[in-house]
Amino acid sequence: MTEHGRPDDELRLRLGDMRRALITDIDNTLIGDPAALEELLGRLADSEVPLCFGVATGRHLEITLEILEEWSVPLPDVLVTAVGTEIYYGPDLRPDTGWSEKIARQWAPENIRGILADLPGLHPQPPENQRAFKISYIVPAGDVAIVRRVEALLSDGDLPASVIYSHGQFLDILPVRAGKGAAIQYLAGRWTWPPEHILVAGDSGNDADMLLTECLGVVVGNHSPELEWLRGRPGILFAPGKFAAGINDALDYYGFLHTEPRNLEDSR
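An account of the accompanying structure is given in this report.

## A look at helix 2 (residues 34-45)
Right, so step 1: Between the first and last C-alpha of helix 2 there are 17 Å, a value that for twelve residues agrees with the 16 Å anticipated at 1.5 Å per step.
Right, so step 2: Looking at the buried residues of helix 2, the elements they touch are strand 1 (20-24), strand 2 (51-56) and helix 9 (244-254).
Right, so step 3: Put simply, D33 is the residue that caps the front of helix 2, since its side-chain oxygen is 3.1 Å from the backbone nitrogen of A35.

As structure tokens, this is what we get:
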């Protein structure tokens with residue numbers, strides 16, 4: 001940090017100038033189809049309007065960067081990682097400490113681990129998947145009942161938290177104020193992006209909360225059955241295209257990259 005907080009001022013000028021934002025999940029949404037991804041990245045580079053490109057993923061920052069490099073994806077302007085519990089800004093990967101302070105309130109990770117320690121079927125994920133604001137488990141495939149038991153134990157123990165179930169086997173416990181959706185709402189407020197000028201893309205259960213924000217949404221064609229309950233909701237497109245092709249479908253459907261797009265306000 002230089003004197004007078006200049007980096008923050010520069011960041012505010014850059015992101016505050018963005019007219020729209022595309023924030024997408026990575027696994028099975030952004031990546032999976034190299035040709036469709038190449039087309040998407042080309043379209044973003046040629047956008048007629050200043051656009052923020054962001055990712056929102058369940059993975060932690062280090063593995064996120066490795067995957068993006070592997071798929072030749074340029075460093076995003078914003079990285080929402082660890083299921084919406086961490087926010088970083090490119091190009092210097094500066095953490096948003098304001099977000100961390102916001103979600104830290106009422107967070108009691110040791111108490112949560114203690115109350116869940118003896119629950120049958122709940123197995124901690126490897127240490128590298130545990131973060132300061134994320135406790136991660138693996139559960140038996142398709143065992144939705146264990147998710148309800150976790151929620152009940154946390155409620156009975158007066159431990160406010162968000163319980164996120166995805167891909168039929170992953171269970172993440174986050175601060176009650178955290179999550180992909182909450183992180184995107186925070187970004188919209190901080191950088192004064194109207195929600196209808198933000199497009200979010202996902203494929204699985206841990207994307208549901210961001211798809212349910214006031215932002216425009218797209219569920220890609222290869223999505224998990226966990227998202228079927230969102231079908232028919234206003235402002236959420238179920239795209240025919242799979243992986244990045246589904247995001248391209250949404251760019252066309254909403255006219256998202258044009259100077260005068262289809263009326264974004266009416267898409268919700």
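The rest of the description comes next.
## A look at the packing of helix 4 (residues 97-104) against helix 7 (residues 180-190)
A pair of packed helices is captured by two measures, namely the crossing angle of their axes and the spacing between those axes.
Right, so step 1: Across the interface, helix 4 lies against helix 7 with an axial gap of 12 Å and an inter-helix angle of 130 degrees. The pairing of helix 4 with helix 7 is recorded here as oblique in orientation. Relative to helix 7, the crossing made by helix 4 is right-handed. Here G98, W99 and K102 of helix 4 come into contact with helix 7, specifically with A182, A183 and Y186.
Right, so step 2: Class assignment for the residues of the contact of helix 4 with helix 7 results in four nonpolar, one polar and one charged.

## Quick look at the pairing of strand 1
Right, so step 1: Of all five residues making up strand 1, five are buried, and the element is well covered by its neighbours.
Right, so step 2: Side chains of strand 1 alternate between two faces, with R20, L22 and T24 and A21 and I23 buried alike.
Right, so step 3: Bridge count for strand 1 against strand 2 is five bridges, and the pairing is parallel. Residue pairing for strand 2: I23 is matched across the bridge by G54.
Right, so step 4: As for the winding sense of the linkage, the β-α-β connection from strand 1 through helix 2 to strand 2 is right-handed.
Right, so step 5: With four bridges joining them, strand 1 and strand 10 (residues 198-202) adopt parallel strand pairing. Within strand 10, the position partnered with L22 by the bridge is L199.

## A look at the sheet that holds strand 11 (residues 216-219)
The strands that make up a sheet pair up through hydrogen bonds in the backbone, lying either parallel or antiparallel.
Right, so step 1: Taken together, eight strands build an open sheet; the order of strands is 5-4-3-2-1-10-11-12 and the sheet is mixed. Single-partner strands in this sheet number two, and they are strand 5 (94-95) and strand 12 (236-238).

## Focus: unusual backbone geometry
Right, so step 1: Along the chain, G90 connects to P91 via a cis peptide bond; the corresponding omega equals 5 degrees.
Right, so step 2: As for its position among the elements, P91 is in the loop between strand 4 (86-89) and strand 5.
Right, so step 3: Even without a glycine there, the phi angle at N28 is positive, about 65 degrees.
Right, so step 4: The residue N28 is located in the loop between strand 1 and helix 2 in this model.

## Some thoughts on the state of the cysteines
In protein structure, a disulfide is the covalent linkage between the sulfur atoms of two cysteines.
Right, so step 1: Scanning the entire structure with this criterion turns up zero disulfides.
Right, so step 2: Here C215 stays unpaired: no disulfide links it, and the sulfur of C52, its closest cysteine neighbor, is 12 Å away.
Right, so step 3: When its relative accessible area of 3% is taken as the criterion, C215 is described as buried.

## Considerations on the pattern of salt bridges
Right, so step 1: Tallying each qualifying case throughout the model produces 13 salt bridges.
Right, so step 2: In this structure, D172 engages K134 in a salt bridge whose closest nitrogen and oxygen atoms are separated by 3.9 Å. Placement of the pair is D172 in strand 9 (residues 170-174) and K134 in the loop between strand 6 (123-124) and strand 7 (135-138), with a sequence separation of 38 residues. Accessibility assignment for this pair places D172 and K134 in one class, buried.
Right, so step 3: Residue E228 pairs with R231 through a salt bridge whose shortest N-O separation is 3.0 Å.
Right, so step 4: Taking the relative accessible area as the measure of exposure, E228 reaches 34% and is therefore partly exposed.
Right, so step 5: Accessibility expressed as a relative area gives 46% for R231, which makes it partly exposed.
Right, so step 6: Through salt bridges with shared partners, one network takes in D25, K180 and D207.

## Considerations on the packing of aromatic side chains
Right, so step 1: Evaluation of the coordinates by the stated rule reveals three aromatic pairs.
Right, so step 2: A ring pair is formed by Y89 and W191, whose centres lie 5.6 Å apart and whose planes are at 90 degrees; its orientation type is edge-to-face. Here Y89, found in strand 4, pairs with W191, found in the loop between helix 7 and strand 10; they are 102 residues apart in sequence, far enough to count as distant. Assigned by exposure class, Y89 and W191 land together as buried.
Right, so step 3: Residues W99 and Y186 carry aromatic rings whose centres are separated by 5.1 Å and whose planes lie at 45 degrees to one another, so their mutual orientation is tilted. Placement of the pair is W99 in helix 4 and Y186 in helix 7, with a sequence separation of 87 residues. Considered together, W99 and Y186 belong to a single accessibility category, that of buried residues.

Thresholds, definitions, all that
- Residues numbered from 1 in each chain as written.
- Predicted model: local features only at pLDDT ≥ 70, side-chain atom pairs only at ≥ 80, totals over all residues.
- Heavy atoms only, no water.
- Helix = DSSP H or I, 4+ residues; strand = E, 2+ residues; numbered from the N terminus.
- Expected span 1.5 Å × (residues − 1).
- Contact = heavy atoms within 4.5 Å.
- Polar contact = N/O pair within 3.5 Å; in protein donor to acceptor, adjacent residues only side chain to side chain.
- Axes fitted to C-alpha atoms, helices over the stretch in contact; angles between N-to-C directions.
- Parallel < 35°, antiparallel > 145°, perpendicular 65-115°, else oblique.
- Left-handed = near helix turned anticlockwise from the far one by under 90°.
- Nonpolar A, V, L, I, M, F, W, Y, C, P; charged D, E, K, R; others polar.
- Buried < 20%, exposed > 50% of the residue type's maximum accessible area, 1.4 Å probe, protein only.
- Pairing = 2+ DSSP bridges.
- Right-handed = clockwise from strand over helix to strand, strands pointing away.
- Disulfide = S-S within 2.5 Å.
- Salt bridge = Lys/Arg side-chain N within 4 Å of Asp/Glu carboxyl O.
- Phe/Tyr/Trp six-rings, centres within 6.5 Å; stacked < 30°, edge-to-face > 60°.

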